Amino acid sequence: MSERAMLHVKGRILVGPDEVRDELWVVDGRISYDRPVGAGSDDVRTVEGWTLPGLVDAHCHVGLGAHGPVPEDVAEKQALTDREAGTLLLRDAGSPSDTRWVDDREDLPKIIRAGRHIARTRRYIRGYAHEIEPADLVEYVGREAVRGDGWVKLVGDWIDRDLGDLAPSWPRDAVEPAIAEAHRLGARVTAHCFAESSLRDLVEAGIDCVEHATGLTDDLIPLFAARGVAIVPTLVNIATFPRLADGGEDKFPRWSAHMRRLHERRYDTVRNAYDAGIPVYVGTDAGGTLPHGLAAAEVAELVTAGIPPLQALSATAWAARSWLGRPGLDEGAPADLVVYEADPRADVRVLAAPRRVVVNGRVVG
């Protein structure tokens, strides 16, 4: 059988939350719902089960380790770990590494890059970001808008050592023209935000998405909903807040207490956002200190927070792909799909055990 043999996928094809088909075909790496000529030949592989489009991790970092960029072989292992978990579309929410080589590999997940993080001087993890002052923000946003794949990543807040707590990184009069510049160049802007105080200015300045959004309070939720600003909660990352707080207790007790409060209300924050109509998507913050391959765990966390299972599933499947402008199980689309033993709509825990993973029409796992 050839490496890219014709593939016949049978069972239940979950084209959308409510659209189910009985079969699809993969020919030359692309999806077809019409039985191709020659489909009766020996050069056909059959896979059967419940099929989803490749999962989405809308916040991860390929090529990033705890202390900054990692070698190419380590970045490859990160991407392969996501692939083995069925996560085939990654929005890389900031990385100092050049991972364009991944685009030439038909066996690896597809990456949508946000360029490199843009942070305030000495206000982020060392080795990760461009560290600049507000006067340079427009220039650097323009650079990363061109360097990325339609996204720019700001660090919206971080600990202010003089204050001893989280504080906004950028004044409103700096962030507003910077976001306008990104939009002029055809890019969307997202921002790392833990605290409450950074959110209003960013949203009113026109930001498109907020990562983590642990500071989203009841008074800010209507603003997010009215502006259509999405959030990517990264609950598997927020689970680390108590450990971080313990580590900073002696030096920054005010920050530690704040981090614990944000963690304690994390599920209420996400559920209230969803109930208000704010778009919520799956992201893990993999890379840096968290391992890759955690999308299934993040979906389960969204369900624990109170998001209905079908909507939590859509946040890593149909809705997430639509938001990122990438196809799902559409006629003629690249055949990036995952096959499961059981219906993931009935139990999202199924996502943790893919039966088959197909990338560009090749069965790779």
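Scroll up a little and you will see the structure.
Residues numbered from 1 in each chain as written. Predicted model: local features only at pLDDT ≥ 70, side-chain atom pairs only at ≥ 80, totals over all residues. Heavy atoms only, no water.

1. Observations concerning the overall build of the protein chain
Step number 1: For the protein chain, the count of helices and strands is twelve helices and 20 strands.
Step number 2: Compactness check: the protein chain gives a C-alpha radius of gyration of 21 Å against a globular reference of 21 Å for 365 residues, within 12% of the reference.
Step number 3: Here the C-alpha coordinates of the protein chain stretch approximately 70 × 40 × 35 Å along the principal axes.
Step number 4: Burial status across the protein chain gives 56% buried among its 365 residues.
Step number 5: Contacts in the protein chain between residues far apart in sequence, at least 24 positions, make up 66% of those at least 6 positions apart.
Step number 6: Surface accessibility of the protein chain: about 14600 Å² in total, with carbon and sulfur atoms responsible for 47%.
Step number 7: One way to put it: in the protein chain the 43 positive side-chain charges average out to a point 1 Å from where the 57 negative ones average out. (Helix = DSSP H or I, 4+ residues; strand = E, 2+ residues; numbered from the N terminus. Rg over C-alpha atoms; globule rule 2.2 N^0.38 Å. Buried < 20%, exposed > 50% of the residue type's maximum accessible area, 1.4 Å probe, protein only. Contact = heavy atoms within 4.5 Å. Areas by Shrake-Rupley, 256 points an atom, 1.4 Å probe, with all protein chains shown as cover. Lys, Arg positive; Asp, Glu negative; His and termini not counted. Charge placed at Lys NZ, Arg CZ, Asp CG, Glu CD.)

2. Describing the nonpolar core
Step number 1: One finds Leu-137 and Leu-154 to be the most contacted residues of the largest nonpolar core, which totals 60 residues.
Step number 2: Membership of the second largest hydrophobic core comes to 18 residues, among which are Leu-64, Trp-158, Ala-195 and Phe-252. (Core = buried A, V, L, I, M, F, W, Y, C linked by side-chain atoms within 4.5 Å.)

3. Considerations on the pairing of strand 8 (residues 87-92)
Step number 1: In terms of burial, strand 8 is largely enclosed, as six of its six residues are buried.
Step number 2: Note: strand 5 (residues 55-60) against strand 8, four bridges, orientation parallel. Bridge pairing in strand 8 links Asp-57 to Leu-90.
Step number 3: Pairing of strand 8 with strand 9 (residues 110-113) involves four bridges; the strand directions are parallel. The residue of strand 9 that forms the bridge with Arg-91 is Ile-112. (Pairing = 2+ DSSP bridges.)

4. Some thoughts on the packing of helix 9 (residues 266-275) against helix 10 (residues 295-305)
Step number 1: Orientation of helix 9 relative to helix 10, taken along the N-to-C sense of each, is 85 degrees, at an axis distance of 8 Å. One way to sum up the angle between helix 9 and helix 10 is to call them roughly perpendicular. Between helix 9 and helix 10, the contacting residues are Tyr-267, Val-270 and Arg-271 on the first element and Glu-301, Leu-302, Thr-304 and Ala-305 on the second.
Step number 2: Classifying every residue of the contact of helix 9 with helix 10 gives four nonpolar, one polar and two charged. (Axes fitted to C-alpha atoms, helices over the stretch in contact; angles between N-to-C directions. Parallel < 35°, antiparallel > 145°, perpendicular 65-115°, else oblique. Nonpolar A, V, L, I, M, F, W, Y, C, P; charged D, E, K, R; others polar.)

5. Here we look at the layout of surface pockets
Sizing a probe to match a water molecule and rolling it over the atoms shows the empty space that remains.
Step number 1: For the largest pocket, the calculated volume is near 940 Å³.
Step number 2: Forming the walls of the largest pocket are 35 residues, and the residues nearest its centre are Tyr-124, Ile-125, Trp-158, Leu-244 and Trp-255.
Step number 3: Only strand 13 (157-160), helix 7 (241-248) and helix 8 (253-264) provide two or more residues apiece to the lining of the largest pocket.
Step number 4: Among the elements that take part in the lining of the largest pocket, helix 7 stands out by supplying five residues, more than any other.
Step number 5: Estimates place the volume of the second largest pocket at around 170 Å³.
Step number 6: Every residue along the wall of the second largest pocket is listed here: Pro-17, Tyr-274, Pro-279, Val-280, Tyr-281, Ile-307, Leu-310, Gln-311, Ala-312, Ser-314, Ala-315 and Ala-319.
Step number 7: Here the lining of the second largest pocket takes four residues from helix 11 (residues 309-314), the largest share from any one element. (1 Å grid on protein atoms, 1.4 Å probe; cavity = no way out; pocket = protein on both sides within 12 Å on 5 of 7 lines; lining within 4 Å. Points joined across faces, edges and corners; volume = space filled by probe spheres on them.)

6. What about empty space enclosed by the protein?
Step number 1: Following the criterion strictly, the structure yields one cavity of 30 Å³ or more and no others.
Step number 2: The space that makes up the largest cavity amounts to roughly 50 Å³.
Step number 3: Every element with two or more residues in the lining of the largest cavity is listed here: helix 6 (235-238) and helix 9.
Step number 4: A per-element tally of the lining of the largest cavity places helix 9 first, with three residues.

7. Description of the packing of aromatic side chains
Any aromatic ring pair is given by two values, namely how distant the centres are and how the planes are angled relative to each other.
Step number 1: All told, the structure shown has six aromatic pairs when counted by the stated rule.
Step number 2: The interplanar angle of 75 degrees and the centroid separation of 6.0 Å between the aromatic rings of Tyr-124 and Tyr-128 together place this pair among those described as edge-to-face. Here Tyr-124 matches Tyr-128 in class, with each residue buried.
Step number 3: Three or more aromatic residues link up through ring pairs in this structure, and these residues are Tyr-124, Tyr-128, Trp-158, Phe-194 and Phe-241.
Step number 4: The side chain of Arg-21 reaches across the aromatic face of Tyr-33, ending 4.1 Å from its centre.
Step number 5: Looking at Arg-143, its charged tip hangs above the ring of Tyr-140, at a distance of 4.3 Å from the centre. (Phe/Tyr/Trp six-rings, centres within 6.5 Å; stacked < 30°, edge-to-face > 60°. Lys NZ or Arg CZ within 6 Å of the ring centre and 35° of its normal.)

8. Thoughts on the sheet that holds strand 5
The pairing of strands in a sheet happens through backbone hydrogen bonds and is either parallel or antiparallel.
Step number 1: Read across the sheet, three strands follow the order 5-8-9 without closing on themselves; strand pairing throughout is parallel. One side of each edge strand has no neighbouring strand; the edge strands of this open sheet are strand 5 and strand 9. Across the sheet, the axes of successive neighbouring strands diverge by a mean angle of 20 degrees, strand direction being ignored.

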